[in-house]
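Chain by chain, the residues:
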Amino acid sequence: MSKAAQKPVDGAKASGMDLGSIGDLSALMDAPEAPVASSGPLILDMSLIDEDPNQPRKDENPGFSPESIAEIGATIKARGVKTPISVRENPDDPGRYLINHGARRFRGSKWAEKTTIPGFIDNDYNEADQVIENLQRNDLTPREIADFVGRELAKGKKKGDIAKEIGKSASFVSQHVTLLDLPDPIAEAFNSGRVKDVTLINELVTAHKKAPEEVTEWLEDDTQEVTRGSVKLLREFLDDKNQQGQQESLAEQALREARERTGGDEESPEGDGEEGAGKGKKEPENDPTKLKKAIVQVEHNGRLARLMMNKRPSESGSAWLKYEDDGEEFETVLCDVTLVQLLEG
């Protein structure tokens with residue numbers, strides 16, 4: 001055996017180690033390796049973490065609502081926390097940590113009944129950093145979300161499954177699906193950045209289905225500011241116009257039925273005896289098919305009522321009715337009324 005092959009043994013002896021006293025080395029060879037430090041996130045015990053009482057976002061913030069925390073909690077329960085939180089050592093309570101940023105992930109992890117959370121320790125952090133972090137966070141745009149949903153749908157996934165995966169409601173996904181196939185005037189307003197609010201887009205789409213020409217004309221006015229208030233006024237205008245059309249249709253239907261019952265002749269104005277005849281007015285004909293005074297009978301909430309033609313409603317699309325059974329007079333919208341028959345008063 002060469003001197004080189006003997007060096008490990010000689011080295012052990014030279015250092016005062018007796019290999020014979022070590023015993024069986026197989027146990028050491030099978031033992032697990034000691035943990036090796038890495039640059040990755042730490043796994044922190046959540047019971048040692050406190051939220052910063054001076055953080056800029058308060059409990060009233062929409063991001064801290066029970067619904068919002070449940071959404072992020074559902075994703076954490078299914079997939080875990082993918083972005084580690086940032087904490088700093090608590091100077092007033094050694095061994096504990098304060099959250100720099102990641103309070104929603106921390107609350108979501110509690111909701112998901114987690115006991116640990118990945119995180120980094122950053123002691124060089126202050127309140128200004130917290131504000132900057134929230135102000136400069138760039139969320140996904142509605143178009144980016146819609147494109148993602150579109151890709152997932154193309155893979156054959158259902159809306160409910162997509163909603164569950166991203167921790168949002170089914171209505172959230174449905175609203176963004178609408179962005180994938182917008183009517184031309186609304187698509188132009190959205191693509192140009194004139195309208196960015198997904199809720200407003202969906203309200204415009206609903207209005208466009210009922211009155212496409214009016215909504216198109218409204219959007220073509222470049223001076224028209226598109227806000228929640230203006231879109232609300234637009235929809236109220238279209239609703240009033242629709243109700244007015246229903247009211248006019250009901251009146252036209254009543255008049256048409258009256259004419260059919262009278263043979264299609266206009267009711268001649270009554271003369272005033274011989275004086276009236278002297279003025280060229282025709283004497284009323286004794287025609288049993290004519291109605292001297294028409295009463296429009298309708299049904300409301302399963303009860304018969306009559307339309308009060310001599311009482312002005314407070315708004316377009318409404319009318320005054322009088323119940324037949326107890327004489328109660330009230331105002332209601334015409335869309336809740338069913339025409340029954342015409343009677344002679």
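See above for the structure.
Computed from a predicted model, the values in this text were never measured in an experiment.

A. Seen up close, the overall build of the protein chain. Regarding its fold elements, the protein chain presents 13 helices and 10 strands. Taken over 345 residues, the protein chain has a buried fraction of 29%. A separation of at least 24 residues holds for 60% of the contacts in the protein chain among residues at least 6 apart in sequence. Looking at the protein chain as shown, the accessible area adds up to about 23,200 Å², and 50% of this sits on carbon and sulfur atoms.

B. Spotlight on the nonpolar core. In this structure, Leu 182, Ile 201, Leu 204 and Val 226 are the most contacted members of the largest nonpolar core, which totals 22 residues. If you list the elements that add at least two residues to this core, you get α9 (184-191), α10 (198-210), α11 (212-220) and α12 (228-261). Among the elements that take part in this core, α10 stands out by supplying six residues, more than any other.

C. Fine view of helix α6 (residues 142-154). Taking 1.5 Å as the rise per residue, α6 with 13 residues should run 18 Å; its terminal C-alpha atoms sit 18 Å apart, in good agreement. Of the residues making up α6, those classed as buried are Ile 145, Ala 146, Val 149 and Glu 152. Angular distribution of buried residues about the axis of α6 spans 125°; they occupy a single face of the element. Elements that come into contact with the buried residues of α6 comprise α7 (159-166) and α8 (170-178). Of the residues one or two after α6, Gly 156 is the one with positive phi, at around 95°.

D. Quick look at the sheet that holds strand β1 (residues 42-45). Spatially, five strands are ordered β1-β5-β3-β4-β2 in an open sheet, and the strand pairing comes out mixed. Every other strand in the sheet has two partners, leaving β1 and β2 (49-50) as the edge strands with one partner each. Where strand β3 (residues 85-89) lies against strand β4 (residues 97-101), four bridges are found, and the strand directions are antiparallel. Along β4, the bridge assignment pairs Ser 86 with His 101. Seen against the sheet, helix α4 (residues 103-111) touches β2, β3, β4 and β5 (116-121) and runs at an angle of roughly 120° to β4.

E. Examining the pattern of salt bridges more closely. Applying the stated criterion across every chain yields a total of 14 salt bridges. Taking the shortest distance from any N to any O, the salt bridge between Glu 152 and Lys 155 comes out at 3.0 Å. Note on Glu 152: relative accessible area 6%, which makes it buried. One salt bridge connects Arg 228 with Asp 197, and the closest N-O pair in it is separated by 2.9 Å. Here the residue Arg 228 occupies a position in helix α12, and Asp 197 occupies one in the loop between α9 and α10, the gap between them amounting to 31 residues. A single network of salt bridges, built from pairs that share partners, joins Glu 152, Lys 155, Lys 157 and Glu 165.

F. Broad picture of the environment of Lys 114. For Lys 114, the position within the fold is in the loop between α4 and β5. Taking relative accessible area as the criterion, Lys 114 reaches 36% and is therefore assigned partly exposed. Once the C-alpha coordinates of Lys 114 and Met 46 are considered, the two residues, 68 residues apart in sequence, prove to be 8.0 Å apart. In this structure Lys 114 touches Met 46, Ile 76, Lys 77 and Ser 109, once residues within four positions along its chain are discounted.

G. Spotlight on the environment of Leu 321. Structurally, Leu 321 can be placed in strand β8 (residues 318-323). Leaving out residues up to four positions away in the same chain, Leu 321 has contacts with Val 298, His 300, Ala 305, Arg 306, Leu 307, Met 308, Glu 328, Glu 329, Phe 330, Thr 332 and Val 337.

H. Structural view of α11. Looking only at α11, the buried set comprises Val 215, Trp 218 and Leu 219. End-on view of α11: buried residues confined to an arc of 95°, all on one side of the axis. Exposed residues lying more than 90 degrees from the buried face of α11 are Glu 213, Glu 217 and Glu 220.

I. Here's a closer look at a negative patch on the surface. Where like charges cluster on the molecular surface, the negative patch consists of Asp 184, Glu 188, Glu 213, Glu 217, Glu 220, Asp 221 and Asp 222. Every element with two or more residues in the negative patch is listed here: α9 and α11. Residue contributions to the negative patch peak at three residues, all from α11. Along the chain, Asp 222 falls in the loop between α11 and α12.

J. Representation of the packing of α10 against α11. Close contact between α10 and α11 brings their axes to 5 Å; oriented N to C, the two are set at 130°. Taken together, the axes of α10 and α11 lie oblique to each other. Contacts between α10 and α11 involve Leu 204, Ala 207, His 208, Lys 209 and Lys 210 from the former and Pro 212, Val 215, Thr 216, Trp 218 and Leu 219 from the latter. Here the contact of α10 with α11 is built from residues that sort into six nonpolar, two polar and two charged.

About the thresholds
Residues numbered from 1 in each chain as written. Predicted model: local features only at pLDDT ≥ 70, side-chain atom pairs only at ≥ 80, totals over all residues. Heavy atoms only, no water. Helix = DSSP H or I, 4+ residues; strand = E, 2+ residues; numbered from the N terminus. Buried < 20%, exposed > 50% of the residue type's maximum accessible area, 1.4 Å probe, protein only. Contact = heavy atoms within 4.5 Å. Areas by Shrake-Rupley, 256 points an atom, 1.4 Å probe, with all protein chains shown as cover. Core = buried A, V, L, I, M, F, W, Y, C linked by side-chain atoms within 4.5 Å. Expected span 1.5 Å × (residues − 1). Arc of directions from axis to C-beta. Pairing = 2+ DSSP bridges. Axes fitted to C-alpha atoms, helices over the stretch in contact; angles between N-to-C directions. Salt bridge = Lys/Arg side-chain N within 4 Å of Asp/Glu carboxyl O. Patch = residues over 30% accessible without salt bridge, like charges linked within 9 Å, V, L, I, M, F, W, Y side chains within 5 Å. Lys, Arg positive; Asp, Glu negative; His and termini not counted. Charge placed at Lys NZ, Arg CZ, Asp CG, Glu CD. Parallel < 35°, antiparallel > 145°, perpendicular 65-115°, else oblique. Nonpolar A, V, L, I, M, F, W, Y, C, P; charged D, E, K, R; others polar.

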